[in-house]
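# Report on the structure
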Amino acid sequence: MKPADPQFWNHSCAELQAQLGTGPQGLSQNEARKRLLAFGPNTLRVQAERLLILQYLEHFKNPLVLILLAASAVSALTGEFTGFVIIWAIVLISVTLDFVQEYRAGRAVERLKQTVAIRATVLRDTLRLDLPMEKLVPGDVVLLAAGDLMPADCRLLEARDFFVNQALLTGESYPVEKHASELAAPVDDLSAAANAVFMGTSVISGMATAMVCRTGPDTAVGKIADSLVAKAPPTAFEIGAQSFGMLIMRLTILLVLFVFLVNAFFHRPLLESFLFAIALAVGLTPELLPMVITVTLSHGALRMAKKQVIVKRLVAIHNLGSMDVLCTDKTGTLTEARIRLERHLDAQGQDSVRVLELAYPNSYFETGLKSPLDDAILEHKEIDVGGWRKIDEVPFDFERRRVSVLVDQGEKRLLVVKGSPEDILRLSTQYALGQSEVALPLDDSVRASLQALQDSLGREGFRVLGIAWRTVAGDHPHAVVDDETELVFAGFAAFLDPPKESAAHALKALEASEVRVKILTGDGELVTRHLCDRLGMKVTGVLTGGEIQALDDAALAVRVKEANLLCRLNPSQKNRVILSMRNQGHTVGYLGAGINDAPSLHSADVGISVQGAVDVAKAAADMILLRQDLSVLHAGVIEGRRTFANIMKYIMMGTSSNFGNMFSMAGATLFLAFLPMLPVQILLNNLLYDVSELTIPLDRVDHEYLAHPKHWDTGFIRQFMWVIGPISSIFDILTFVIMLKVFEAGEALFHTGWFIESIATQVLVIFIIRTRGHPFKSRPSTALTVTSLSVVAVAAALPFTPLAAHLGFVPPPAMFFVILLGMLLSYLTAVEFVKRWFYSRYAAR
C-alpha cells in the first residue's frame, strides 16, 4: 500500500477511502500495526537507532586518543608489547566508562520525554484512543479541536467553524477557515486546499474529523523539514562549555609542543617522547566533560521528574537554575482555576437573568477553545437552549478579545457578543435594563457609571466579561467582524477564581531565591491587584497593554524594569516584554499553557508549560510541569542550580589540581634526565582521576549556593585556574625535591612517588573546592567520599601488587607515606586558605 496522492485534496473522500482501505470509523488496531511497519513512524526524520557497537565506537573519535593508540601500536612493533597492551586496556576502560554512563543517562531522559509526548485522538476499532503522534498511519481517522497540532497531512471528513493557522507552510498571518466539501476545481497550491490540513499547523477554533493521508517524511512539511528546522541558537551554558574547552585545548597544545621540543633538544628517544607528549595531552584534555555534563544534567532531569517537572531539553536545566525573572499568567498558577460565575448584572448593577440567558448560548455554541470562563457559564444548566439554533460565529482571537455567535430563536435572529468589557462597551451604542429588550442611548454619563461598576467589581476580585447583542435580519446568513458594531450592552458577567493556597508560599520562596515574578495577564489591573493583595505580593509597578503599544523599545526597557504587574496584554505584547528583559541581560522564564503562549514560550530563555496545556504550548516548551503549581517550579529552579553546581565542581577540579599536575610534569622535563612519568602511568593517572569524578553528579550542594541564580562565567573559571593551579605545582616541585634529595630516588621510585602524590592531590582536593564554605561543615555525598578515597587507596596500593612491574612502579619506603600525609594536609590547608581569599575577592560571582 502507498500513501495517498501528494495532491490528495483534489480527490473525493470516497476515492481516498478506497485507495487507503479505510472508512469513516478508521482502522482496526491490527491493521494499524501492519501499516506502522510498512510506513514507519510518523516523524519528520525517521532515524533508526544506531547499533550499540556503532554508538560505542563513536566515543573513540577524540583525535588525541586515536593518535595515542596508533603510537602505542608502533611501540609494540619495536618490542614494547607490555606497554602497548596496558595503554590499550586503559583507553578501553576509560572509553567504556564514558559510553556506559552517557548511554544510560540518554535512555533515562528519553523515557521521561515520552511521558509528555504530543498525542492525538484516533478512532481505532470504533473506539477513541489517545495515541502518540508517531503511531499514526495513513488511513487513520483523527478528531481535531482548538489548540491541537495537526498530526499528519489529512483530508477533512467533517468540520464545524474550523479555523487553522498554517503560517508554517504558507506564510499566511491570519487563520484560514477549512471545510469538508469537495473542491470546485483541482488546485496545485496547498494554500488553496480548503478541505485539507497539514502536519505542523495548528487548530485555532472549531472541531473536525479528518482522515490521515500522508505521514512523516511524506507530508508537506516533511519535504521541507531541513529548511524549516533551524538549529536553536546555543545557550549561555553551551557557549560557556565551548569556550572552556577551547581554553584548555590552547593550553594543551602549548604544553605538548613545549614538552616535545624539550625532549627533542635533549636527544631523548623520539617515540617515547612522542607517547609522553600525547599522553600528557590526554591527561590535560577534559575528555569526560561531555559525559559529565550529560550525566549530571540527566541526573538533574530525573530528580526534577520526581518533583513533577519533565525536562524536554537537557540544557534548559541550566537556564532554569540561572533564571532571575519568571513571567506567568495568574490563572492556575496563582489561582485555583476553579472559576465560578458569581454574578450577572445589568447596567445598573442589578442581578439580571437576561445577561445569563445571552452569555449561555454564546458559550454553548462557541466552537473555539473554550476558556474556564465558558465552563463556569455552562455550569448554569437552568438555561434552556433547546429553542436556539446556531447559524455562524466569529471565533475568539487575542486581538479582538471577544467571540460572536449568530443564533436563531425562531421569531428573531441575534448576534450575541461576549468579551473584554472595555471592547464590548466601545462597540456598544445602546443598553438595556433587566429583562427588557428596549434599547436606551448609551451616553457619556451611563458609560461613566458602567466603568465605575466594572472598577468596583475588579476591586472585589471579580474577573469581568461584557455581554452585548444586536438584532439582525431574519435572513442574515453569516457572522463577520463588521457585524460587531452598534451593539446593545446587556451587562456584566462577574467571576471569582480563589487564590491558590500554595501560591503565597511559592512566591516568597521564589523571591528568597532571587527570582522576580512578573504577572503577564489579559485581565484588568484592579482584579489582578486584588489577587496580589490576597497573596501578599507587593506591586512595584503596573504597565498595561495600551501603554506598551505606545512605547518604543528603549522606553519599554525602562518601564518594564520596575513593573511586575502587566495587564490587558495580547500575545505580541507579552512577547515584546520578554524580549525586552532578555536584551537587558536577564534570564527569563515564561510559564504558559494556551494557544497564545507559543510565541512567548519560544522567545523565553526557558519555556515552561503544563501537562494539561494545548498541544502548541507543550510543543514549544522546554519543560512540562505535571502539576500547575509555582511550588513545583521553585523545586525545579533549585534542582537546576544543584545540577549546575555539580558540573562546576568537575570544572574547578580539572582546572586546579589536574592542570597544576600536568603543568608540573611539563616543567619537570627541563631538569630531569628521564621522563617525569611514563606514558602508561600518565594514562593510568588520568583513568583513576576520571573514576573519582563519576560520582560528582550525586554530590550534595550547599544551601547558600542554591540561594542565588548561577551563570556560566569563563573569566571566573580562568581566574580560579591561575590562582589555585599553581599551589598544586608548588607541592609537585616539593615532591620532586623530596624524592631526589631525601630518598635519592632512581627513575622507577621517582615515577612511583610522584604518581601517588599526583593522584592524591588531584582527587582529594575535591573535598575543598566542592564548597565555598568550610569543608567540615559541608558534608559530601557518601558515594563521592567512598569513590575518592578508594581511588587514592588503589593508587597507593598499586606499587605493592603484581601489576607494579608492568606499570614501572616499585614499592616506596614507609617514610614516604608519612611525608606524603604531611604534604597532603599542608596542600589541602593551603588550598582552603587561598580558596577563602579568592571567594572573598570574587564573592559576587
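The numbering scheme is per chain: residues are counted from 1 as the chain's sequence reads. Local features in a predicted model are, by the rule used here, given only for residues with pLDDT of at least 70; side-chain atom pairs are given and counted only at 80 or more, and totals for whole chains, interfaces and linings are based on all residues. Each side-chain value is derived from all of the structure's non-hydrogen atoms; neither hydrogens nor water enter the calculation.

Bringing the overall build of the chain into the picture now. Strands are runs of DSSP state E lasting at least 2 residues, helices are runs of H or I lasting at least 4, and numbering of each runs from the N terminus. Along the chain, the regular secondary structure elements total 32 helices and 23 strands. With 845 residues in all, the chain has 57% of them scored as buried. Should any heavy atoms of two residues lie within 4.5 Å, those residues are counted as being in contact. Relative to all contacts within the chain whose residues are 6 or more apart in sequence, the contacts with residues 24 or more apart total 74%. Using the Shrake-Rupley algorithm and a 1.4 Å probe, accessible areas are obtained, with residue cover drawn only from the displayed protein chains. Summed over its atoms, the accessible surface of the chain is roughly 35,400 Å², and 60% of this surface lies on carbon and sulfur atoms. Exposure is judged per residue with a 1.4 Å probe applied to protein chains only, and the accessible area is read against the type maximum: over 50% gives exposed, under 20% gives buried, and values in between give partly exposed.

Moving on, we get to the pairing of strand β14 (residues 428-431). Both faces of the sheet carry side chains from a regular strand, because those side chains alternate between them. In short, DSSP must find at least two bridges between two strands for them to pair. Of the strand pairs in this sheet, β14 and strand β17 (residues 487-496) are connected by 3 bridges, and their pairing is parallel. When the sheet's bridge partners are listed, Q430 is paired in β17 with V488. Bridge count for β14 against strand β15 (residues 440-441) is 2 bridges, and the pairing is antiparallel. From the neighbouring strand, Y431 faces β15, where its bridge partner is L440.

A few words on helix α28 (residues 747-764). In a regular helix each residue adds 1.5 Å, so 18 residues correspond to 26 Å; α28 covers 26 Å between its end C-alpha atoms and thus fits that length. Taking burial as the measure, the 18 residues of α28 include 16 buried ones, the bulk of the element. For a helix, the expected span equals 1.5 Å multiplied by the number of residues minus one.

A separate point is the sheet that holds strand β18 (residues 516-520). Taking strand neighbours across the sheet as the criterion, the 8 strands line up as β8-β23-β22-β21-β9-β18-β20-β19 in an open arrangement whose pairing is mixed. Looking at the sheet topology across the chains shown, the edges are occupied by β8 (309-311) and β19 (542-544). Mean inter-strand twist for the sheet, computed between neighbouring axes without regard to direction, equals 20 degrees. Bridge count between β19 and strand β20 (residues 565-567): 3 bridges; the pairing is parallel. Orientation is described by axes fitted as lines to C-alpha atoms, over the contacting stretch for helices, and by angles from 0 to 180 degrees between their N-to-C directions.

Moving on: the environment of D699. Take D699: it is sitting in the loop between α25 (679-693) and α26 (703-706). If sequence neighbours within four positions are ignored, D699 has contacts with N646, K649, R770, P780, S781 and L784. Here a polar contact is recorded for every N or O atom pair within 3.5 Å, except that within protein the pair must consist of a potential hydrogen donor and a potential acceptor, and residues adjacent in sequence are included only if both atoms are side-chain atoms. A distance of 2.6 Å separates polar atoms of two side chains, one belonging to D699 and the other to K649.

The residue A432 is located in the loop between β14 and β15 in this model. Its relative accessible area of 5% is what places A432 among the buried residues. Sequence-wise, A432 and L442 are 10 residues apart; in three dimensions their C-alpha atoms are separated by 9.3 Å.

Think of a nonpolar core as a cluster: buried Ala, Val, Leu, Ile, Met, Phe, Trp, Tyr and Cys residues, connected wherever their side-chain atoms sit within 4.5 Å. Core analysis: the biggest nonpolar cluster contains 148 residues, and L320, L326, M623, L630, W712 and F755 have the highest contact counts within it. Here the element with the most residues in this core is helix α24 (residues 630-668); it accounts for 17 residues. Those residues in contact with L630 that sit more than four places away from it in its chain are L326, T333, L334, A506, L507, L510 and L591. In terms of nonpolar packing, the next biggest core, distinct from the first, is built from 34 residues, W9, C154, A193 and A210 among them.

Now for the packing of aromatic side chains. Remark: the centre distance and the inter-plane angle together describe each pair of aromatic rings, the angle taken between the planes. Between 30 and 60 degrees the pair is tilted, below 30 it is stacked and above 60 it is edge-to-face, where a pair is any two Phe, Tyr or Trp rings, Trp via its six-membered ring, whose centres lie within 6.5 Å. What the rule picks out here adds up to 21 aromatic pairs. Here W9 and F198 contribute two aromatic rings whose centre-to-centre distance is 5.7 Å and whose plane-to-plane angle is 80 degrees, an arrangement assigned as edge-to-face. Of the two residues, W9 sits in the segment before α1 (13-20) while F198 sits in the loop between β6 (196-197) and β7 (202-214), which places them 189 residues apart along the sequence. You'll find W9 and F198 in the same group, each marked buried. Aromatic pair F674 and F750: ring centres 5.5 Å apart, planes at 70 degrees, arrangement edge-to-face. Here the residue F674 occupies a position in the loop between α24 and α25, and F750 occupies one in helix α28, the gap between them amounting to 76 residues. Pair check on accessibility: F674 and F750 agree, each one buried. Across the ring face of Y705, the terminal group of K710 is positioned such that the distance to the ring centre comes to 4.4 Å. Charge-over-ring placement is defined geometrically: NZ (Lys) or CZ (Arg) within 6 Å of the ring centre, and within 35 degrees of the ring normal.

What follows covers helix α30 (residues 782-797). Look at α30: 22 Å from first C-alpha to last across 16 residues, which is about the 22 Å you get at 1.5 Å a residue. Those residues of α30 not exposed but buried are L784, T787, S788, V791, V792 and A795. Viewed end-on, α30 has its buried residues packed into an arc of 125 degrees, placing them on one side of the element. Elements in contact with the buried residues of α30: α25, α28 and α29 (766-769). Regarding the arc, it is the one traced by the directions from the helix axis to the C-beta atoms.

Nothing here speaks to function; it is geometry throughout.
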